[in-house]
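Working through the structure, step by step
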Amino acid sequence: MNTSDRLLHNGVVAMCPDCRDERLLVPVDAFEYCCTTCDAAVLLFDEAVNTAVRERATA
Ligand SMILES: [Zn+2]
């Protein structure tokens, strides 16, 4: 699986506290994601991830 596939399958759209907006985040650990815009580490827990998955499912 190449990098773009990994982004498509595992990336989530969620609020980045550094960007103060929704950004595409890619997972680096169970609850830790990296913002693709500013490279900040963002911790996502169930509520945020569920929101992101729901938004992606309806896109
Ligand atoms: Zn960011």
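Residues take numbers from 1 onward in each chain, read along the sequence in its written order. Where local features are concerned, this predicted model is filtered to residues with pLDDT of at least 70; where side-chain atom pairs are given and counted, the filter is 80 or more; whole-chain, interface and lining totals use all residues.

Right, let's get into the overall build of the protein. Segments assigned H or I by DSSP are reported as helices when at least four residues long, segments assigned E as strands when at least two residues long, and all are numbered from the N terminus. Helices and strands together make up the secondary structure of the protein, namely two helices and four strands. With C-beta atoms placed from the backbone, a residue is labelled by how many other C-beta atoms lie within 10 Å of its own: buried for 20 or more, exposed for 12 or fewer, partly exposed between the two. For the protein, with 59 residues in total, the buried portion stands at 12%. With C-beta atoms placed from the backbone, a contact is any residue pair whose C-beta atoms sit within 7 Å. In the protein, the proportion of contacts linking residues at least 24 apart, taken out of those at least 6 apart, comes to 24%.

Time to look at the pairing of strand 1 (residues 12-16). Summarising the sheet, strand 1 and strand 2 (residues 21-27) pair through five bridges and their orientation is antiparallel. Bridge pairing in strand 2 places Val12 opposite Leu25. Connecting the antiparallel pair strand 1 and strand 2 is a turn made up of four residues, with Arg20 showing a positive phi of about 60°. Only strands that DSSP links by at least two bridges are regarded as paired with each other.

So, about the environment of Arg23. One can find Arg23 in strand 2. A residue is classified by how many C-beta atoms lie within 10 Å of it, and Arg23, with 21 of them, is buried. Arg23 sits 14 residues away from Thr37 along the chain, and the two C-alpha atoms are 7.0 Å apart. Among residues more than four places away in sequence, those in contact with Arg23 are Cys16, Cys35, Thr36 and Thr37.

With that out of the way, let us pick up the sheet that holds strand 4 (residues 41-43). What the four strands build is an open sheet, ordered 1-2-3-4; its pairing is antiparallel. Taken across any chain shown, the strands that pair with only one partner, and hence form the sheet edges, are strand 1 and strand 4. For this sheet, the mean inter-axis angle between neighbouring strands, taken without regard to orientation, is 50°. Of the pairings in the sheet, the one linking strand 2 to strand 3 (residues 32-35) comprises three bridges and is antiparallel in character. From the neighbouring strand, Leu25 faces strand 3, where its bridge partner is Cys35. Orientation is described by lines fitted to C-alpha atoms, with helices fitted over the stretch in contact, and by angles between N-to-C directions that extend from 0 to 180 degrees.

With that out of the way, let us pick up unusual backbone geometry. Residue Arg20 is not a glycine yet carries a positive backbone phi of 60°. Relative to the helices and strands, Arg20 resides in the loop between strand 1 and strand 2. A residue is classified by how many C-beta atoms lie within 10 Å of it, and Arg20, with 8 of them, is exposed. Even without being a glycine, Asp39 presents a positive backbone phi close to 65°. Within the element layout of this structure, Asp39 appears in the loop between strand 3 and strand 4. Judged by the 8 C-beta atoms lying within 10 Å of it, Asp39 falls in the exposed class.

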